[in-house]
Amino acid sequence: MSDMSDPMITIENLSRSYGGVQALSQISLDILPGEVHGLCGENGAGKSTLIKCLTGVVPPNTGTITVEGKPLSSGDIHAAEEAGIAVIYQESTAFLDLDLVDNLFVGREIQKFGLLDRRAMETQAQAVMRRLDLTLDLHTPLQEFSIAERQMVEMARACLRDCKLLIMDEPTASLSARETKTLLGLANQLREAGVSVLYISHRLEEIFQLCDRVTVLRDGKLVCTTSIDQLDRNQLIGQMVGREVNSLTRCEEREGQNNEVRAKIIGLSSHGQFSEVSFEVQVGEILGIGGLVGAGRSEVARAIFGADRYDEGEIQIDGISLKKGSIRAAMDAGIAMVPEDRQHQGLILPMTVSENLSLAILSEIMKHCLLNDGTENERVKQLIQHLAIKAASTKMEAASLSGGNQQKVVLGKWLAIKPRFLILDEPTRGVDVGAKAEIHRLIRELTAAGMATLIVTSDLPELLALSDRIQVMCEGRIAGEIDGASATEEQVMRLAFPRGEEQPI
Amino acid sequence: MKKFAYEFVLLGLIGVVLASAAILDPLFLSQNVQLELSSEIWELGLLTLGMTLIIITAGIDLSVGSAMGLCSVSLGLCMHANLPAWLCGLVCLLTGLAAGAINGTLVAFIKVHPLLVTLATYGMYRGFAEGLQSATTNAPVDASDGIKSIVTGGFPVIPVLFTALAVWTAILLRRTAAGRGLYAIGHNEEAARFSGIPVARLKFLIYTYTGLLAALAAICYSARRSATAEAGMVLELDVISAVVVGGTSIYGGRGRLIGTLLGVLLIHETRQFVDWYWQRSELTLIVIGTLLILAVLGHRFLFSRNPQTQ
Amino acid sequence: MKFRREGSLLVLVVLLSLLAMLFDSSFVPDNALDILINGIPTMIIACGVMLVIVTGEIDISVGSLLGLLAAMLGLLSSTVSPGLSVHPYLAILIVLTVGTLIGLGTGCLVVFGKVPSIIATLGLLIALDGVQDWLMGGGDIKHFPQQLRNLGTGTRIPVNLIIAVLVVIGTGLLCRKMAMGRRIYAVGSNPSAARVAGISEAKIKLFVFALTGLLTALAAILWVAKLGNVSTSTGAGLELKVVTCVVVGGVAIRGGRGHLLGVVLAVILITMIRTVLNFMDLGSEAVKWQRAIEGVMILVAVTSDHFTQQQQTGGSA
């Protein structure tokens, strides 16, 4: 644990606004050496702005940051780096076309007489990889690594420098359980070495597992900074949201199930991605697909939706065989998919909320072959009301909405086609707790009202809370099925790991 | 009306050009002269209709001028063979459709970057035009009477055709599902595809449409001057300039046809006046090139978007 | 397969040589040097344009710029009116400086004016062409001092070839062995990550545009030195040739990747095509189809290029 000495980092009265929006106001907190300090808050609470101020990407309007007693010059990326502040982002800041060594040293290359000193860089690279227990080839372009491996490379990059503060921003969002364990282990290693860690995550289990203290932000303001043993999960959520919320208890009453099969997937195979995948989803049922990242879950979802082609097998909706590789055919059959990547696949950010919501039903809002504003506005209004989307106006850009509201827009776009089979891929990733609960409620309601739902999620509590049945995929195959009501995380994990692998504790 | 602020700026600029003409040499503005000079504007205008659609999808077509040359040669060959006017025209249109379809197939279905495809076809179509011409008539072909009478006869076929196509294209863009789809593709092609928009089909169609327009422009040109492989040489630069000056973003997702039309008018009048008054083609080039850059700078400066809040 | 593109290009070069040798077995030894020398201006400029494209931008003004700089060189150094007849070395220095400044200006338009590079360089392509015409006032420029001509038609040592080789080596060094080179690729590969890594996108882009301007000036000087003549069509169409070579050479249009070796091979290949076609003397008929054949080959290269890229990137992440 940390020793109560002088703080490593002191933040005083930090404020930052963008346009008229106050992203941070008068934040004061300190981080002790060798402490893992959690940072929680809904989306839009100010976490990423705080990170940007710490790393020098953005200068604060007021306030100071002090590292080991020395003030940090604001808005200066190099100064922050020199001061020992490093950050691992959720989105990839990797250079896919460059190899591993280049990725570690971009921006701070080691040079000798004006030329790159490859040997020195490679030596240091080897050293840091050893420290982190990684065995990746130094000369492979990063493109060929998995998302998890790329994240490890970024950790390595952050560890190259003498780190005083490591900021980890949702680092486990795309990681499997085993990879998460490695990452958390690393955080512990750093803690023991006296490095401070600022850990931002929506995964509260990790916060409770790892952190000594936690700071909660809400609407740009500091709500509290407490030691982790003084809070329980619901209280933490309560502080973030301002109210007690719990969507993750199972709804024991399951309505609407009548054993009618809506979707039947038979022997679906796609070379190199998944094989012999078969399952059924009934009307009024939520089928969850669990498994490690890379098990092929999203690939199956995309194949069903027609976004990707598959090699063998058949998909039947209400008994009728579906044409493969055609999104149009899938939509006509009543399939809708909320994709994994909200920003690149789900939404068109520069278009308005209204345009995004109506994107899938353009043929329905036409009159005499032309788009009809009145019909469009009506449908959009209905969707906004039904989903409780918070947007100042329907004509604002989708980009300006918070993560939770953006996800609701994607969901709304698809609900507009009145789907018979809804596929959700990571529906609450990057969504704050309040919106998450609303989305869960909606999923349950819609399914009960006569839809069949397939949900792919890496969020185990979500998987267990929502699913009636769970299929677990492992390395491209269905490893087993578990009943949703009685499932436990261990059961899912046991099936998710390839046979013969070490099980996580 | 704030939405059309940029178009008003363009209108103002056109006014400035005309006003300068009024001051420096009012003869330029006389009806005869304008009518005489306007014959070139239809070709430019036709090509910009398709180019606007293409640039809105964040694509580009560098081969329009070359396609026009190829169509012109095919028209010339038919006329040379004394085929009836309707057949000549049909062959020309088919050539244009084929040229556009080749671009469209490569861009939409094989998914090669449009800059690369049209860079290659820019050379290829012109090369085939020149080759065909050298191998057969080895000289420009004068327009046959049939073609001439249709195009430059009493009834203003071309202006009417252009207006009809322009109106249709404008409606397509703003008020149809296909148009909304084009804007979506320009912003984010993947998300558009994931929303059920027929991306490949739409892209194929707009390149093919542009090929058709090139054929129409070729007919125009050949009736006015002669059917030659030189038709449309360097015209693609003007076409792209007109579309961009008209406010369409080269990155895709934004642009209006009315802006393009004003861009066409501005570029045309500027070019004609500078040519007329100073009679130095180099000055025209400098002015047009500068105009293009200033238009984009000005658009950004006057209408800079609010920085995104994080 | 790391050098797949370069391998295919090499194969094509060899095939083309063999084809020519079918007609005349001494084709290669006789013409190899000529081919290399013909390709010099393209090669030099391609080094710069390659870097521009790697950063994710494009520069299609190089042809007009070359013409303009050639005209400027002509006016400065020609011994016949309207030439100013300044010392050739001074003229060269001025031209190199002006070229670099114009390149820098282009960079400013893109970086600070935020004008998309395709539009900025399109506008320059048009405008600079006009300036060239204006400077030349209609007539060709001839009669250059011997000191200048020596650069292009050196009696025994092909000075221009040596210069070109040095440029290529220099560019290669920059790409592989200097931090600036890595950063150029980084900016093209992931601009936002580059920013976060503390790399100044502005500095990198200004550098590559300025460098391209400098290299274009160098190419203009060597061009004039070799031909001894500047006309209003000098440089016309060169930008398309350069961009084609860069793209066929394996540089991705979206930036971030591409090897200089591929570009070198592509320049050789494309320069060869014209020479070989001329050489094979397929009759006056075929000559007229030259451009068409070139176009088809480029189309094939660009399309097949696409397939190999797909295979290289493999499945989605």
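Residues numbered from 1 in each chain as written. Chains lettered and ligands numbered in written order. Predicted model: local features only at pLDDT ≥ 70, side-chain atom pairs only at ≥ 80, totals over all residues.

With that out of the way, let us pick up the overall build of chain A. Within chain A, the regular secondary structure consists of 17 helices and 24 strands. Each principal axis of the C-alpha distribution contributes one length, and for chain A these read about 65 × 50 × 50 Å. Classification of the 505 residues of chain A by burial places 49% in the buried group. Counted over contacts in chain A with a minimum sequence separation of 6, partners at least 24 positions apart contribute 68%. (Helix = DSSP H or I, 4+ residues; strand = E, 2+ residues; numbered from the N terminus. Buried ≥ 20, exposed ≤ 12 C-beta atoms within 10 Å, placed from the backbone. Contact = placed C-beta atoms within 7 Å.)

Across chain B, pLDDT averages 88, with 97% of residues at or above 70. Among the prediction metrics, the complex's ipTM stands at 0.84, with pTM recorded as 0.84. (pLDDT = per-residue confidence, 0-100.)

Before going further, it helps to spend a moment on unusual backbone geometry. Residue and element names in this part refer to chain A. The backbone phi angle of Glu-68 is positive, close to 50°, even though this residue is not glycine. By the element assignment, Glu-68 lies in the loop between β4 (62-67) and β5 (70-71). Owing to 15 C-beta atoms within 10 Å, Glu-68 belongs among the partly exposed residues under this scheme. Positioned with a positive phi, Glu-426 is a non-glycine residue whose angle comes to about 50°.

Within a beta sheet, neighbouring strands are joined by backbone hydrogen bonds and run either parallel or antiparallel to one another. Residues and elements named next belong to chain A. Strands sit in the order β18-β21-β22-β15-β23-β24 across an open sheet of 6 strands; the sheet is mixed. In the strand order of this sheet, the two ends are held by β18 (335-338) and β24 (477-483), each with one partner. Neighbour-to-neighbour, the strand axes of this sheet turn through a mean angle of 20°, independent of strand direction. In terms of strand pairing, β18 meets strand β21 (residues 421-425) through 4 bridges, oriented parallel. When the sheet's bridge partners are listed, Met-337 is paired in β21 with Ile-423. (Pairing = 2+ DSSP bridges. Axes fitted to C-alpha atoms, helices over the stretch in contact; angles between N-to-C directions.)

Across the contact, 36 residues belong to chain C and 38 residues belong to chain B. Sorting the residues of the side of chain C that touches chain B by element identifies α6 (117-136), α12 (238-248), α14 (283-288) and α15 (290-313) of chain C as the ones contributing at least two each. Grouping the constituent residues of the side of chain C that touches chain B by class yields 22 nonpolar, 7 polar and 7 charged. (Nonpolar A, V, L, I, M, F, W, Y, C, P; charged D, E, K, R; others polar.)

To continue, consider helix α1 (residues 5-24) of chain B. In this model α1(B) runs 29 Å from its N-terminal to its C-terminal C-alpha over 20 residues, within 8% of the 28 Å that 1.5 Å per residue would give. Lining the buried residues of α1(B) we find α13 (257-278) of chain B. (Expected span 1.5 Å × (residues − 1).)

Okay, the environment of A:Leu204 next. Residues and elements named next belong to chain A. Of note, Leu-204 is situated in helix α7 (residues 204-210). A residue is classified by how many C-beta atoms lie within 10 Å of it, and Leu-204, with 19 of them, is partly exposed. Spatially, the C-alpha atoms of Leu-204 and Asp-232 are 10.0 Å apart, while their sequence positions differ by 28 residues.

What follows concerns helix α11 (residues 199-224) of chain B. A rise of 1.5 Å per residue sets the reference length of α11(B), with its 26 residues, at 38 Å; its end C-alpha atoms lie 38 Å apart and thus fit the reference within 8%. For α11(B), a buried count of 22 out of 26 residues is recorded, marking the element as mostly surrounded by other parts of the structure.

The next thing to look at is the interface of chain A and chain C. Residue-level contacts link 21 residues of chain A with 19 residues of chain C. For the side of chain A that touches chain C, the secondary-structure elements that each account for two or more residues are α2 (77-82) and β8 (115-116) of chain A. A per-element tally of the side of chain A that touches chain C places α2(A) first, with 3 residues. For the side of chain A that touches chain C, a count of residues per class yields 10 nonpolar, 7 polar and 4 charged.

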